[in-house]
Amino acid sequence: MIVPSSSEFEKFSTADLTGLREELLHGNLDFWQAADVISHYLSTKGYGVSPRAARTTASRLESSRYNVELMQAEFEQIALMM
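What this report covers is the structure whose coordinates are included nearby. These numbers come from a predicted model, not from an experiment.

Attention now goes to the pattern of salt bridges. By the definition in use, this model includes 4 salt bridges. Arg60 is paired through a salt bridge with Glu74; the nearest N and O atoms lie 2.7 Å apart. With Arg60 in helix 3 (residues 51-63) and Glu74 in helix 4 (residues 68-78), this pair connects stretches of sequence that are 14 residues apart. By relative accessible area, Arg60 is classed as partly exposed at 40%.

What follows is the structure, encoded as C-alpha cells:
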C-alpha cells in the first residue's frame, strides 16, 4: 500500500477556496474584514491563525485578486493546529 506524503494531502480543497474567493471578491470588504473572514474560514477547518498573520495574508491575497493557488500556499503557512 502506498501512503501519500504529507505534502500530497490537501488541507484546503480547491472547491472550498474557490467559494471563499468568491465571497472575498464580491463582499466589498476591506482587508481587516477580509482577515476576519479568513480567520473564520480557518477556524471552521480546525485551524487557528494570529490576527496579524490573517491581516498580512488578506492584504497580500487582495493584491492577487485572491488567486486560489496563492490562497492554498498562504493558508498552509499561517494555519495553526488547534
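Next comes the rest of the account.
The backbone of Asn28 sits at a positive phi, close to 50 degrees, despite the residue not being glycine. Structurally, Asn28 is set in the loop between helix 1 (14-26) and helix 2 (31-44). A positive phi is found at Arg65, a non-glycine position, where the angle reads about 60 degrees. Within the secondary structure layout, Arg65 lies in the loop between helix 3 and helix 4.

Now for the environment of His26. Tracing the backbone through its elements, the reader meets His26 in helix 1. Relative accessible area serves as the criterion here: at 58%, His26 is assigned to the exposed category. Only 2.9 Å separates the side chain of His26 from the side chain of Glu22, close enough to count as a polar contact.

Conventions used here
- Residues numbered from 1 in each chain as written.
- Predicted model: local features only at pLDDT ≥ 70, side-chain atom pairs only at ≥ 80, totals over all residues.
- Heavy atoms only, no water.
- Salt bridge = Lys/Arg side-chain N within 4 Å of Asp/Glu carboxyl O.
- Helix = DSSP H or I, 4+ residues; strand = E, 2+ residues; numbered from the N terminus.
- Buried < 20%, exposed > 50% of the residue type's maximum accessible area, 1.4 Å probe, protein only.
- Polar contact = N/O pair within 3.5 Å; in protein donor to acceptor, adjacent residues only side chain to side chain.

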